[in-house]
Amino acid sequence: MSPIDPESAWTLHPQVSVRPEPFGALLYHFGTRKLSFLKDRTLLAVVEGLSDAATARDACEAAGVADEHLPTYLRALGTLAESRMLMERAA
Amino acid sequence: MTTTAAPPPKAMRLVDHFELGLDAPICLTWELTYACNLSCVHCLSSSGRRDPRELSTEECKAVIDELERMQVFYVNIGGGEPTVRGDFWELLDYATAHHVGVKFSTNGIKITPEVAARLAGNDYVDVQISLDGATAEVNDFVRGPRSYETALRALQNLSDAGMRNFKISVVCTRQNIPQLDDFKEIADRYGAQLRLTRLRPSGRGADVWDELHPTPEQQRELYDWLVAHGEDVLTGDSFFHLSAYGQALPGLNLCGAGRVVCLIDPIGDVYACPFAIHEEFLAGNVRGEGGFRTVWRDSPLFAKLRSPQSGGACSSCQFFDTCKGGCMAAKFFTGLPLDGPDPECVQGYGEQLLAERADTLGLPKHSGDHSHRTSPPRERSGTGPVRLTLSRREDLQAPPVSACAEDPLAGFTADFAEGFATKESGADRRHQGGIRSETA
């Protein structure tokens, strides 16, 4: 589970559907048929903001993530990237 | 840098949230029909004959619309044999066009090369072929003559069409536990993924459970095999009671009934789980006001299942946190208390309770038996006479009144007919098209 580069740009995979839940959100990938969980609403906001943000760092900042917590969120995004829920795009 | 810093993701267990229920199910089983070309001895829905009250095509589409609104990612469609519904492919296309993925279970009867090609071309469809023996002998004993041949032909057709990672679904029994490696080999041969599930004493499964459920030694063998194969082999979370052997198996490891799963049956009844077709677990019907969403969100039964459960006799067991007392349906249909051990508890507490049961005659029975009335099933050659058993529907008290019955009061009860006669004079009635009644 390596963290993603804060200066890289990402977007949700087009085959991924996001369902907000009280605890965060459920993600389902129709291609891999895998289910993932976002364990809090802030991470959900980060994920939803990824495609409009210039970089992953920007998406985290826009969602209100403090600098000291940035590595935690970059690791969580890394996990999602590994399961192909996220795709890297041109920055 | 912002001033209102959000905390880092919390290290909390998702199962704790799931126990409280979700806004919509993660995994919804929808049995489209009770009709089936087979008569498997362990059928959990006692399928065979179509129920005349089955949801119509339009009603099914309305359910799909609702699932789309609720963002249910996919449904597990089963039956019965779902593909024998004339509108099955239409409903499949409708669901996937409305962002509801479909995984359907079939015995393979309709999976021709043409159908296989069509399925391979739809990313939102997954197919699960049922196979309960790695050899014809073991499979056909449970699923009926020639069902092995049918299943293998379907696997070949899917594989030839380029479909990958479709599933081979196996219900684990005393007879096929020694074949686990052979099942894996069959799956590998066709580019399929193996899925193992638990034999439950539900539906007709109750009749054969004593004879077919794995022995304690086989349960250990199964657990070790599952641990060795990890995430390569799917289980639909059905063996979480085995987690009490030690290491937890992949999956949520909790009873999802009414929390993350539920069942919609062919007539629209919503049950807490596919293995609990009994009025005790009936939450409502999709035909009711508010449809499925209201049943899922507001049914008192589901609210109860989502409230904190007592571990009962199990709470003092050191493994309670991993096995959570096992499967509710398995306990219910074997007559064990719901807040006690699973009948297949790996610590042996279930066996002890089973032996202590006063009698097994009063066990709860599956609601609505749709079994074929020709049991045990005979081999079907496709030719020869079709033998039928005629009987009357249990819910009808009298034969139907035909539209051309001469007496207009035919079918009226005596009380009603008399009341009718006293209110109107014979003279008045003569104006009603000359209809006369003997009671005038």
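Use the structure listed above.
Residues numbered from 1 in each chain as written. Chains lettered and ligands numbered in written order. Predicted model: local features only at pLDDT ≥ 70, side-chain atom pairs only at ≥ 80, totals over all residues.

I'm lost on the interface of chain A and chain B in this one. Help?
The parts lose accessible area when they come together, and the size of an interface is often stated as this lost area. At the interface, 24 residues of chain A touch 21 residues of chain B. Elements represented by at least two residues in the side of chain A that touches chain B include exactly strand 2 (16–21), strand 3 (24–29), strand 4 (34–38), helix 1 (41–49) and helix 3 (70–82) of chain A. Here the element with the most residues in the side of chain A that touches chain B is strand 2 of chain A; it accounts for three residues. A class-by-class count of the residues in the side of chain A that touches chain B yields 11 nonpolar, six polar and seven charged. (Contact = placed C-beta atoms within 7 Å. Helix = DSSP H or I, 4+ residues; strand = E, 2+ residues; numbered from the N terminus. Nonpolar A, V, L, I, M, F, W, Y, C, P; charged D, E, K, R; others polar.)

When you look at helix 9 (residues 216–229) of chain B in this model, what are you seeing that I'm missing?
Residue and element names in this part refer to chain B. Between its first and last C-alpha atoms helix 9 spans 20 Å; for 14 residues at 1.5 Å apiece the expected length is 20 Å, and the two agree. When helix 9 is considered as a whole, its buried residues turn out to be Gln-219, Leu-222, Tyr-223 and Leu-226. Looking straight down helix 9, one finds its buried side chains confined to an arc of 100°; they lie on one side. Opposite its buried face, helix 9 presents the exposed residues Glu-217 and Ala-228, each directed more than 90 degrees away. Packing partners of the buried residues in helix 9 comprise strand 5 (167–172). (Expected span 1.5 Å × (residues − 1). Buried ≥ 20, exposed ≤ 12 C-beta atoms within 10 Å, placed from the backbone. Arc of directions from axis to C-beta.)

How do you make sense of the sheet that holds strand 4 of chain A when you look at a structure like this?
In any sheet, the strands associate via hydrogen bonds between backbone groups, in a parallel or an antiparallel arrangement. Residues and elements named next belong to chain A. Reading across from one edge, 2-3-4 is the order of the three strands in this open sheet, with antiparallel pairing throughout. The open sheet is flanked by strand 2 and strand 4, the only strands paired with a single partner. Mean inter-strand twist for the sheet, computed between neighbouring axes without regard to direction, equals 20°. With six bridges joining them, strand 2 and strand 3 adopt antiparallel strand pairing. Note on strand 3: the bridge partner recorded for Glu-21 is Gly-24. Helix 1 rests against strand 2, strand 3 and strand 4 of the sheet, and its axis sits at about 45° to strand 3. (Pairing = 2+ DSSP bridges. Axes fitted to C-alpha atoms, helices over the stretch in contact; angles between N-to-C directions.)

Please explain unusual backbone geometry as it appears in this structure.
Working note: non-glycine residues mostly have negative phi, and peptide bonds are mostly trans. All names here are of chain B. Cis geometry is found at the peptide bond from Gly-79 to Gly-80, where omega equals 15°. When you line up the elements, Gly-80 lands in the loop between strand 2 (74–78) and helix 3 (88–97). One non-glycine residue, Gln-71, lies in positive phi territory at about 55°. In this structure, Gln-71 sits in the loop between helix 2 (57–69) and strand 2. According to the C-beta neighbour criterion, Gln-71 is partly exposed, with 17 such atoms within 10 Å.

What is the right way to look at the pairing of strand 2 of chain B in this model?
Side-chain direction in a regular strand flips from residue to residue, so the side chains alternate between the two faces of the sheet. All names here are of chain B. Most of strand 2 is tucked away, with five of its five residues classed as buried. Here strand 2 shows no split at all, with Tyr-74, Asn-76 and Gly-78 on one side and Val-75 and Ile-77 on the other all buried. Note: strand 1 (residues 27–31) against strand 2, four bridges, orientation parallel. Residue pairing for strand 2: Glu-31 is matched across the bridge by Gly-78. Between the parallel pair strand 1 and strand 2, the chain is carried across by helix 2, and the sense of this crossover is right-handed. Where strand 2 and strand 3 (residues 101–106) come together, four bridges link them in parallel fashion. Its bridge partner being in strand 3, Val-75 is matched across the sheet by Val-102. Once the chain exits strand 2 it traverses helix 3 before rejoining the sheet at strand 3, and the crossover so formed is right-handed. (Right-handed = clockwise from strand over helix to strand, strands pointing away.)

Which parts of the structure should I look at to understand the nonpolar core?
Side chains of nonpolar character tend, in soluble globular proteins, to be buried together. Counting 131 residues, the largest nonpolar core has A:Leu77, B:Val75, B:Val102, B:Tyr271, B:Ala272, B:Cys273 and B:Ala276 as the members making the most contacts within it. Not counting the four nearest positions on each side in its chain, B:Tyr271 is found in contact with B:Cys262, B:Leu263, B:Asp265, B:Ala276, B:Ile277, B:Phe281, B:Leu282 and B:Ala283. (Core = buried A, V, L, I, M, F, W, Y, C linked by C-beta atoms within 7 Å.)

I keep staring at the sheet that holds strand 9 (residues 282–285) of chain B and nothing clicks. Help me out?
Residue and element names in this part refer to chain B. Strands sit in the order 6-5-4-3-2-1-7-8-9 across an open sheet of nine strands; the sheet is mixed. Strand pairing shows two members of the sheet lacking a second neighbour, strand 6 (193–198) and strand 9, which therefore form its edges. Averaged over all adjacent pairs, the angle separating strand axes in this sheet is 25°, with direction ignored. As defined by bridge partners, strand 7 (residues 261–264) adjoins strand 8 (residues 269–271) across two bridges and the pair is classed as antiparallel. Within strand 8, the position partnered with Leu-263 by the bridge is Tyr-271.

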